[in-house]
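Secondary and tertiary structure notes
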Amino acid sequence: MEREAELAALENGVRGIRAGGRMILLSGAAGVGKSTLLSCLNELAGTHGCRRLTARGTALEHTFSFGIVRQLFEGLVVGASVEAEARDELFRGAARPARSLFVRSDEGAETDEVALLEGLHGLVANLCAGRPLILQVDDLHWADTASLRFLTYLLPRLPRLPLLLVAATRPEEPGSDVRLLPLLSADPDVQVLRPEPLTEQATGLLIGERLGPADDVFVAACHQATAGNPLLLHELGSLLIAEGTTPVDANAARVRTDGARAVQRWVDRRMAALPGPIADFARAAALLGDDAPFADACHVAGMERGAGEKAVRTLAALEILQLEKGPAPGRPSLRFVHPLVHAAIYDSLGVGDRHYRHLRAARLLARHGSPDERVAAHLLLAPPAGEPWMAQVLDRAAQAALREGSPGSALEYLQRLLREPLPAPRRSATLMAAASAAMNVDLGTAVVLLEQASAVADAPDRALMFAMWGYALWQLGDVPGGAALYRKALEEVTDPDGDLARQAQACLLQIANMLPGRDETVTGLRHLWHVVPDDSVGGRMLEWSIAFHDMTVCEPGAVGRARRAFVSVADRRDGGPGDERAAGPLPLLAGHGWLVLMAADSPEIESILDDYIRSAERSGSLRDLGPALLQRAYTRLKRADLPAAEADMRTAQQLMTAVASRRGIVWINAYLIDILLEQGRTENATSLAETDLTSFGPPDAATVMFQERRARLLRRIGRLDAALEEAVLAGRYWAGAGVTNPAFTLWRGEAARCLHLLGRTAEATEHATEQLRLARRWGAPGALGEALRLHGTIASGASGLLELEEAVDLLSAAPQCRLPYAKALFDLGSALRRSGHRVAARRRLTEALDVAAPAGLAPLAVAAKVELRATGAAPSAPQTDAVKLTASEWRIAEMAAEGRTNRAIAHLLFVSAKTVEVHLSSAYRKLGINGRAGLKSALRSLPPAE
């Protein structure tokens, strides 16, 4: 009732599944009808020939590594009826790494998380090859972190698969991962459906069906007491029937008082009427959680199987729980009719009683040989007891979680283990293990654990802990704190020339490299410039740190130093990105080496990044993957591959958010502003640029790079004074840090352009001249081409044309600089047109358009067309391309021209707001316009698309 819009959206999702996958998220309070809507997918799947796999999150099992994933696929891949040949077919090709989740052949083998994610993606693709697939997950807020990572990983790949992912969640429910779930719900490609409470009219119909014709005041009281929640209304009706309450106005007051507790009262009445053993069985089932094995409930309740079966029949008849087919033949499981019913029984137990019962359940399950993760789930909710077997179970569960690429689950088990009385050496080792797991998933928790560990560790271990602690603070934005801890690590190392010392020195130099007043730190480390480089982790990190410092002051020798360290990595046999004793993830610490080669426009940089991305995937830490994707995105932007750049950036954004790397998030947002501006998505860039940088603490390199991009945005939208102010502020920071290389900083160029547009030509020329001098010293084609373009544009006249010609010639020979090349062509063509050289201008402007249009550089393409018309040429008119609008583009463009917002269009068409944005951006590009303002007139004279 009153769910027509949600049902239509689900039906549209299933009907369009063969055209490409998508995700639909049902978000609402418990009892609002999400599970009922999900159940409608069964009929839709059958009608449209789809396979449907289901899973459900539970509070008790949220630490089970890949628990949701196993629920979805276990029945297909490990059931007794599954033949080996069919199983092998499912795990063929890219799906092979996922086999270890379901068919364990080697308990000690480690499987990294990204390999598992890729393997699961391959498994899904293989399943989709036969027929379209619907994956349905209820109570997603209780999903385990590893499964959430898989769904996050799968999301951007859905459009390439005939797959509909539908999940239901409670937005206000405290769940298993406070970072990943919001990533899914906030993703613009996810269609979020929010079922509303029932209206008073619908409430009256439901009450009338249960109790007969109801008086208006009574109906209003029922609606008020339940807030229109369908489940509460159903249970309230059952309670009123059981108590013999008639639906008349005189009983309205009673309904208002008791209605909100309808489910609890309904459950209490049934539990009170049950024989003691059957009530104990229900409490045991509630303690074990949904999908608990029936046999486990019997053990915990102290019942034989026959008595347990009788209890289940009684509870099923009372609509409390039901017996379901389990993952394996002969092993049925229990499921409550609704999470609120489960919660009512569980909450009826006092806190102390619950703790005792969880401890007792853990003992019984361990005695009967239940898996460690199921026993550990109860130990997480039980008080410490000092029994040796408990520590062993928690430790084994943590190690298993790490093997399966779930450091978040491992962290929970290890933190619980630390509550047990442990001998000092064991406690120190456990603190270190917990901190190492936390470094992958929660840097704030890692800081707390490392602080505790450093107080009890021996000197050699304290040095490593201080180094890790310094890295965590650095990434959380406490740069001075990170530097202080790296200094403490150097004080603690036993070998001042050893690998760990070199790592700490490299990290300290990296922190200092982009901070004001770095000279003092650099002076204290200057002797390291003369250290003979070696192939150790610390040796390579130190080479990259020194190379980065030299790059920032335009020292060309920096390139050779960075390149040698990368050659050293390539020569390593394992090719891995890190080392278990490294103070932080090596890909991030190699990032300074990447930045050197990126600043030099080295042709090999993208292949180096590709190698590191593959190595980071093999290492299994998503934290390691984000920085490499971030920098590869920028190299792709520079060579004008905007779709690939944005895809890398969005993935990096998810990873950095998941590990709470504040510096990484700011850096990503800075690069995203660049990408959005080049695509002409100014509104999106403006929204991103409004980020309050004060929340990230004192300024550092990442926030200043963001400021530079904000200055660029402000200039593009005509706010020149504000843009100049941002650029100058950034320049002051870089000056204090001694950073001058224009290949790395943008502030000088932005300041010069703003000053030029404000008519302050002398000041603009001063900045442009200094930028050209520094760029010639550095010598990279990108930086020099940009500096020549800037100086030539400001200088104008014959000298300006010569500099613009030099910029075009230089950049034409650098394919990795395709974006600045297109801009240089445009600037040269515009300058030639203003100088009266129309024929030459047309050639250069046409060349600029030939680069810009296919690359999706919408503003540049539009500007090139305008300039071409000014030369007297007749470039392809916008409408020539407009007739190629797809039907979807045309329909969305028409609705936008009528004044509807993106969200309103998305609601009407049952698509995501992101889909609307993509179609509109494509339409703008084809029509040669910048946005909605010109949309109506551009469409008016055109025939609809086929």
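These figures come from a predicted structure and were not determined experimentally.

What to know about the overall build of the protein chain
Across its full length, the protein chain holds 50 helices and eight strands. When burial is assessed residue by residue, the protein chain has 57% of its 946 residues classed as buried. Counting only contacts in the protein chain whose residues sit at least 6 apart along the sequence, the fraction spanning at least 24 positions is 69%.

Examining the packing of helix α9 (residues 200–211) against helix α11 (residues 230–242)
α11 packs onto α9 with a crossing angle of 35° between their chain directions and a minimal axis gap of 10 Å. Judged by the twist between their axes, the crossing of α9 over α11 is right-handed. Residues T203, L206, I207, R210 and L211 of α9 pack against L233, H234, G237, S238, L240 and I241 of α11. Within the contact of α9 with α11, the residues separate by chemical class into six nonpolar, four polar and one charged.

Focus: the sheet that holds strand β3 (residues 133–138)
Strands sit in the order β2-β3-β4-β1-β5 across an open sheet of five strands; the sheet is parallel. Pairing within the sheet leaves two strands with one partner each, and these edge strands are β2 (51–56) and β5 (190–193). Strand after strand, the sheet turns through a mean of 15° between neighbouring axes, direction not considered. Across five bridges, the pairing between β3 and strand β4 (residues 163–169) is parallel. Looking at β4, one finds that I134 is bridged to L164. The strands touched by helix α1 (residues 4–15) are β1 (22–27), β3, β4 and β5; relative to β1, the strand with the most contacts, the crossing angle is about 160°.

Description of helix α42 (residues 797–812)
For α42, which comprises 16 residues, the first-to-last C-alpha distance of 23 Å matches the rise-based estimate of 22 Å (1.5 Å per residue) to within 8%. Residues of α42 that are buried: G800, L801, E803, L804, A807, V808 and L811. Each buried residue of α42 sits inside an arc of 165° when the element is viewed along its axis, so together they form one side. What points out from α42, more than 90 degrees from its buried face, is the exposed set A798 and L802. Among the structural elements, α40 (761–778), α41 (781–795), α43 (818–834) and α44 (838–855) are those in contact with the buried residues of α42.

Quick word on the sheet that holds strand β6 (residues 292–293)
Pairing is antiparallel across the open sheet formed by three strands, whose spatial order is β6-β8-β7. One side of each edge strand has no neighbouring strand; the edge strands of this open sheet are β6 and β7 (321–324). Relative to strand β8 (residues 333–336), β7 runs antiparallel, the two sharing four bridges. Paired with L323 across the strands is L334, a residue of β8.

Let's talk about the nonpolar core
Considering soluble globular proteins, one finds that nonpolar side chains tend to be buried as a cluster. One finds W594, W734, F744 and W778 to be the most contacted residues of the largest nonpolar core, which totals 116 residues. In terms of residues, this core owes the most to one element, helix α35 (residues 662–679), which gives 10 residues. Taken together, domain 3 (435–571 + 585–654) and domain 4 (667–871) each give at least three residues to this core, which thus spans both. Filtering out sequence-adjacent residues up to four positions away, W734 remains in contact with M514, A701, V704, M705, E708, V739, F744, T745 and W747. Counting 108 residues, the second largest nonpolar core, distinct from the first, contains L232, V375, M390 and L431.

Thoughts on the packing of aromatic side chains
If you walk through the whole model with that rule in mind, you get 11 aromatic pairs. Plain terms: the ring middles of W544 and F566 are 4.8 Å apart, the flat faces sit at 40° to each other, and that makes the pair tilted. Of this pair, W544 sits in helix α28 (residues 537–552) while F566 sits in helix α29 (residues 557–571), and the two are 22 residues apart along the sequence. What makes W544 buried here is its relative accessible area of 0%. The class for F566 is buried, based on a relative accessible area of 6%. Geometrically, the ring pair formed by Y634 and Y671 is stacked, given 4.3 Å between the ring centres and 25° between the ring planes. Residue Y634 is located in helix α33 (residues 622–638), and its partner Y671 is located in helix α35; the two are separated by 37 residues in the primary sequence.

Describing a negative patch on the surface
Negative charge collects at one region of the surface, where E200, D215, D216 and D249 lie side by side. Of note, D216 is situated in helix α10 (residues 216–226). The exposure class assigned to D216 is exposed, which follows from its relative accessible area of 63%.

Quick look at helix α21 (residues 407–417)
With respect to burial, α21 is a largely interior element, nine of its 11 residues being buried. Every buried residue of α21 is accounted for by P407, G408, S409, A410, L411, Y413, L414, R416 and L417.

Here's the deal with the pattern of salt bridges
Evaluated as defined, the whole model comprises 44 salt bridges. In this structure, D827 and R789 form a salt bridge, with 2.5 Å as the shortest nitrogen-oxygen distance. Pair noted here: D827 is in helix α43 and R789 is in helix α41, with a separation of 38 residues, a long-range link. Given the relative accessible area of 8%, R789 is considered buried. Ionic contacts of the salt-bridge type, sharing partners, join the residues E606, D610, R632, R636, R639, D641 and D648 into one network.

Focus: the packing of α41 against α43
When two helices pack together, their arrangement is given by the angle between the helix axes and the distance between those axes. Close contact between α41 and α43 brings their axes to 10 Å; oriented N to C, the two are set at 20°. Taken as axis vectors, α41 and α43 run roughly parallel relative to one another. Judged by the twist between their axes, the crossing of α41 over α43 is left-handed. Contact with α41, carried on its side by E786, R789 and T793, involves P820, K823, A824 and D827 of α43 and no other residues of that element. Taken together, the residues of the contact of α41 with α43 break down into two nonpolar, one polar and four charged.

With respect to unusual backbone geometry
The phi angle at F66 is positive, at roughly 55°, despite the residue not being glycine. Here F66 is to be found in the loop between β2 and α3 (67–77). In this structure, C554 takes a positive phi of about 65° despite not being glycine. Here C554 shows up in the loop between α28 and α29.

A look at the confidence of the model for the protein chain
Taken as a whole, the protein chain shows an average pLDDT of 85; of its residues, 89% reach a score of 70 or greater. The secondary structure element of the protein chain with the lowest average pLDDT is helix α46 (residues 878–882), at 38, and the one with the highest is α40, at 97. Low pLDDT, under 50, characterises residues 571–587; the stretch is placed with 40 contacts to residues that sit more than four places away or in other chains. Low confidence marks residues 877–883, where pLDDT is under 50. Its contacts with residues over four positions away, or in another chain, come to 11 contacts.

Some details on the side chain of D827
In this structure D827 comes out as buried when scored by relative accessible area, which is 13%. Once you skip the residues sitting within four places of it in the chain, D827 turns out to touch R789, T793 and L804.

Let's talk about the environment of G749
Structurally, G749 is set in helix α39 (residues 747–757). With residues near it in sequence (within four places) discarded, G749 still touches Q771 and L790.

Here's the deal with the side chain of R748
Within the fold, R748 resides in helix α39. Buried within the structure, R748 lacks any salt-bridge partner; its nearest side chain of opposite charge belongs to E770, at an N-O separation of 4.8 Å. Beyond its immediate sequence surroundings of up to four residues, R748 is in contact with H767, E770, Q771 and L774.

Notes on the state of the cysteines
Counted under the stated rule, the structure contains zero disulfides. With no disulfide of its own, C50 lies 9.7 Å from the sulfur of C128, the closest cysteine sulfur.

A short note on the environment of L233
As for its position among the elements, L233 is in helix α11. Counting along the chain gives 29 residues from L233 to A262, while the straight-line C-alpha distance between them is 8.0 Å. Sequence-distant contacts of L233, defined by excluding residues within four places in its chain, comprise L198, T203, L206, I207, C222, T226 and G228.

Some remarks on the environment of L609
Here L609 shows up in helix α32 (residues 605–619). For the pair L609 and R632, spaced 23 residues apart in the sequence, the C-alpha separation amounts to 6.3 Å. Every residue in contact with L609, bar those within four places of it in the chain, is listed here: W594, A628, Q631, R632 and T635.

About the criteria used
Residues numbered from 1 in each chain as written. Predicted model: local features only at pLDDT ≥ 70, side-chain atom pairs only at ≥ 80, totals over all residues. Heavy atoms only, no water. Helix = DSSP H or I, 4+ residues; strand = E, 2+ residues; numbered from the N terminus. Buried < 20%, exposed > 50% of the residue type's maximum accessible area, 1.4 Å probe, protein only. Contact = heavy atoms within 4.5 Å. Axes fitted to C-alpha atoms, helices over the stretch in contact; angles between N-to-C directions. Left-handed = near helix turned anticlockwise from the far one by under 90°. Nonpolar A, V, L, I, M, F, W, Y, C, P; charged D, E, K, R; others polar. Pairing = 2+ DSSP bridges. Expected span 1.5 Å × (residues − 1). Arc of directions from axis to C-beta. Core = buried A, V, L, I, M, F, W, Y, C linked by side-chain atoms within 4.5 Å. Domains from an automatic or database assignment. Phe/Tyr/Trp six-rings, centres within 6.5 Å; stacked < 30°, edge-to-face > 60°. Patch = residues over 30% accessible without salt bridge, like charges linked within 9 Å, V, L, I, M, F, W, Y side chains within 5 Å. Areas by Shrake-Rupley, 256 points an atom, 1.4 Å probe, with all protein chains shown as cover. Salt bridge = Lys/Arg side-chain N within 4 Å of Asp/Glu carboxyl O. Lys, Arg positive; Asp, Glu negative; His and termini not counted. Charge placed at Lys NZ, Arg CZ, Asp CG, Glu CD. Parallel < 35°, antiparallel > 145°, perpendicular 65-115°, else oblique. pLDDT = per-residue confidence, 0-100. Disulfide = S-S within 2.5 Å.

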